[in-house]
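# Tertiary structure, described
Chain by chain, the residues:
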Amino acid sequence: MRKVSMATRVELVEAVGERYRSSDRVSKGRVLDEFVAVTGFHRKHAMRLLRLPRTTQAAGSRSKRRIYDEAVRTALVVLWEAADRLCGKRLRPLIPILLEAMERHGHLDVAPDIKAKLTAMSAATIDRALRDAKAGSRRPRRRGGAGTALRRSVPIRTFNDWGDPAPGYVEADLVSHSGPVAKGSFAWTFTLTDIATGWTECAPLLVREQTLLVAVLTELRKLMPFTLMGFDTDNDSVFINETVRDYCAASGIAFTRCRPYRKNDQAWVEQKNGSVVRRLVGYRRFEGVGATTVLAELYAAARLFVNFFQPSFKLAEKNREGARVHKRYHLPATPYQRLLDDPRTTDTTRARLREIFAGLDPVRLLRDIRAAQQRLVVFADATNPEMVGEEPTAPSLDAFLSSLRTAWQSGEARPTASDKPRQKRGRRRPDPLIEVTARLKRWFEEEPWRTGRELLEKLQVEQPGDYPDGLLRTVQRRLKIWRSEQVCALVFARSTMATGTAEETDLSMIVEG
């Protein structure tokens, strides 16, 4: 039963009471039944309320006389400020202690009646009395992740909720290309995977930003061979925001999200993150406009190669027997084949797909992919990605076809593979401590117990204005390296001494023997 507010109950008592008091016994029973059903009152309590004349105070109505006047509220505000703005539940047990302490030190002189009212106030009454004071001192809301109301507006969809959707319901995710250190600005890959067919679209993002993501999604919709009907994401704030939600609502796209920290809810796109994105791009760091442009060229060739010439398995059913899980898969097929075989695909779409497939050369696409991967490696290994020199050119189609016969002898063929030898990347910025590194190391050797803060302060005293506080982390990293070297030297020396002593002992035993 839906709860009725106290104000509504008071109005019902006034409206029904007169009819109840003027009715006969049978009519009173019917009126009472309706009143109890609506208000939820106990039957005996309802009878007492309806018997009261209209001049008597109605049920649940509060007295109009204010118990706590403005003087009490003013004293309460002073106590609240003196307690560092505690909530009512924490302030209530503190009021007697705080009153006694402030009066003892001459900070407050409260009349006995006001003091009695302050100590008698409940926590809820304290919060109500301080409502205006709290409203004026409330901090601005911190901008952070998606709020509760926004998250509730995006329904949750789990892995088991998909069933057999039509082509056009996709899962989306972002893959970062930060390399080993997620610091600064770097490129991202925006991945879309269709649930029904496995059709995958990838696009690079120069920065991780919601308006850019919506613009890229608009372009990807033009490339898809089907209409985008569902958009399922994780709980990343770049997806769960008003921009993406309103875009999907305006475009007629069902916007859903997975459960937090449940990656299996997005198993389709998570699998493509590894088998497509990481397999193509690897784990290097890519940043800047140049690397992002090459990523776009790579995905332009890869989308055709993956969707038309890369068969994949699709789960047909899964049965659990105790601790064992038995899975059965459909025969491997390309997304292109699954889209043709799906009865929900239109004849126009099938004809357009067959026309595209007839003009594709898989060897040419693979050559373009390898060439783009090689250019990506140049950007990743360059000391300054914005000043990359001449990029490697793609081989002719005949030369590339000839190389396929012997490519297996060289091991991994993808230039972006993680096990390929890569050039050691140096610093991207000039070393700010290059002139004083030797001096800092000498100070450390003389006093190895000094902290990085102490060494930087000593340097600032000798050269004021040259080395700001922002270099503290750099000094601490140098100090960490020097301490590791010192520890290794000490441990190595001790192990050498122990080995030498043991050898001498064994030798003396042999001589004595």
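Each remark here, short or long, concerns the structure printed above.
### Points about empty space enclosed by the protein
- Considering all chains together, one arrives at one cavity of 30 Å³ or more under this definition.
- Put simply, the parts of the chain that give the lining of the largest cavity at least two residues each are β3 (200–205), α13 (267–281) and α14 (288–309).
- Tallying contributions element by element places α14 first for the lining of the largest cavity, with four residues.
- For the lining of the largest cavity, a count of residues per class yields six nonpolar, one polar and two charged.

### Focus on the pattern of salt bridges
- Counted according to the given criterion, the structure contains 25 salt bridges.
- Residues Asp342 and Arg344 are paired through a salt bridge, measuring 3.0 Å at the closest nitrogen-oxygen approach.
- The class of Asp342 is buried, set by a relative accessible area of 8%.
- By relative accessible area, which is 39% here, Arg344 ends up partly exposed.
- A salt bridge links Arg478 to Asp431; the shortest N-O distance between them is 2.8 Å. Residue Arg478 is located in helix α21 (residues 472–512), and its partner Asp431 is located in the loop between α18 (397–403) and α19 (437–446); the two are separated by 47 residues in the primary sequence.
- Residue classification places Arg478 among the buried positions, given a relative accessible area of 15%.
- With relative accessibility at 22%, the residue Asp431 sits in the partly exposed group.
- In this structure, a network of salt bridges that share partners links the residues Asp164, Asp342 and Arg344.

### Remarks on the sheet that holds strand β5 (residues 254–257)
- What the five strands build is an open sheet, ordered β3-β2-β1-β4-β5; its pairing is mixed. Bordering the open sheet on either side are β3 and β5, each of which pairs with just one other strand. Across the sheet, the axes of successive neighbouring strands diverge by a mean angle of 25°, strand direction being ignored.
- Note that strand β2 (residues 188–194) and β3 share six bridges and pair antiparallel. Across the sheet, Thr191 pairs through a bridge with Cys202, a residue of β3.
- Most of the contacts of α13 go to strand β1 (residues 169–176), to which it runs at about 50°, and overall it touches β1, β2 and β3.

### Re the nonpolar core
- Core analysis: the largest hydrophobic core is formed by 61 residues, its most contacted members being Phe190, Leu192, Phe231 and Phe239.
- The greatest single-element share of this core, amounting to eleven residues, is contributed by α14.
- Discounting residues that sit within four places of it in the chain, Phe239 has contacts with Ala172, Asp173, Leu174, Phe190, Leu213, Phe231, Thr233, Asp234, Val244 and Phe255.
- Leu99, Val110, Leu118 and Met121 belong to the second-largest nonpolar core, a separate cluster that totals 21 residues.

### Regarding the pairing of β1
- In terms of burial, β1 is largely enclosed, as six of its eight residues are buried.
- In terms of strand pairing, β1 meets β2 through seven bridges, oriented antiparallel. Each residue of the ladder has a partner; that of Ser176, found in β2, is Trp188.

### Quick word on unusual backbone geometry
- The phi dihedral of Tyr261 is positive, around 60°, even though this residue is not glycine.
- Secondary-structure assignment places Tyr261 in the loop between β5 and α13.
- You can call Tyr261 exposed: its relative accessible area is 85%.

### Some remarks on the pairing of strand β7 (residues 324–329)
- When strand β6 (residues 315–321) meets β7, the two strands line up antiparallel, connected through six bridges. Each bridged residue has a counterpart across the sheet, and for Leu315 the counterpart in β7 is Tyr329.
- Between the antiparallel neighbours β6 and β7 lie two residues, among them Gly322 with a positive phi of about 65°.

### Details of the side chain of Asp232
- The topology assignment puts Asp232 in strand β4 (residues 230–233).
- A polar contact is formed between the side chain of Asp232 and the side chain of Thr256, at a distance of 2.6 Å.
- Non-local contacts of Asp232, meaning those with residues more than four positions away in its chain, are made with Arg157, Trp162, Val170, Glu171, Ala172, Thr256, Arg257, Cys258 and Gln266.

### Things to note about the side chain of Thr349
- Take Thr349: it is sitting in helix α16 (residues 347–358).
- Reaching out from Thr349, the side chain makes a polar contact with the side chain of Thr346 at a distance of 2.8 Å.

### As for the packing of helix α4 (residues 70–82) against helix α7 (residues 112–120)
- Contact geometry for α4 and α7: axes closest at 10 Å, N-to-C directions at 65°. The two elements α4 and α7 cross, and the hand of that crossing is right-handed. Touching Ala71, Val72, Ala75, Leu76 and Leu79 of α4 are Ile114, Lys117 and Leu118, all from α7.
- Split by residue class, the contact of α4 with α7 holds seven nonpolar, no polar and one charged.

### Brief notes about the packing of aromatic side chains
- Applying the stated rule across the entire model yields 14 aromatic pairs.
- Aromatic pair Tyr336 and Phe357: ring centres 4.8 Å apart, planes at 15°, arrangement stacked. One end of the pair, Tyr336, is in helix α15 (residues 335–341); the other, Phe357, is in helix α16, and 21 residues separate them in sequence.
- Members of the aromatic cluster, joined through ring pairs, are Trp199, Phe305, Phe308, Phe309, Tyr336 and Phe357.
- Over the ring of Trp162 we find Arg157, and its NZ or CZ is 4.3 Å from the ring centre.
- Here Lys458 stacks its cationic end above the ring of Trp443, 4.5 Å away from the centre of that ring.

Cut-offs used in this document
Residues numbered from 1 in each chain as written. Predicted model: local features only at pLDDT ≥ 70, side-chain atom pairs only at ≥ 80, totals over all residues. Heavy atoms only, no water. 1 Å grid on protein atoms, 1.4 Å probe; cavity = no way out; pocket = protein on both sides within 12 Å on 5 of 7 lines; lining within 4 Å. Points joined across faces, edges and corners; volume = space filled by probe spheres on them. Helix = DSSP H or I, 4+ residues; strand = E, 2+ residues; numbered from the N terminus. Nonpolar A, V, L, I, M, F, W, Y, C, P; charged D, E, K, R; others polar. Salt bridge = Lys/Arg side-chain N within 4 Å of Asp/Glu carboxyl O. Buried < 20%, exposed > 50% of the residue type's maximum accessible area, 1.4 Å probe, protein only. Pairing = 2+ DSSP bridges. Axes fitted to C-alpha atoms, helices over the stretch in contact; angles between N-to-C directions. Contact = heavy atoms within 4.5 Å. Core = buried A, V, L, I, M, F, W, Y, C linked by side-chain atoms within 4.5 Å. Polar contact = N/O pair within 3.5 Å; in protein donor to acceptor, adjacent residues only side chain to side chain. Left-handed = near helix turned anticlockwise from the far one by under 90°. Phe/Tyr/Trp six-rings, centres within 6.5 Å; stacked < 30°, edge-to-face > 60°. Lys NZ or Arg CZ within 6 Å of the ring centre and 35° of its normal.

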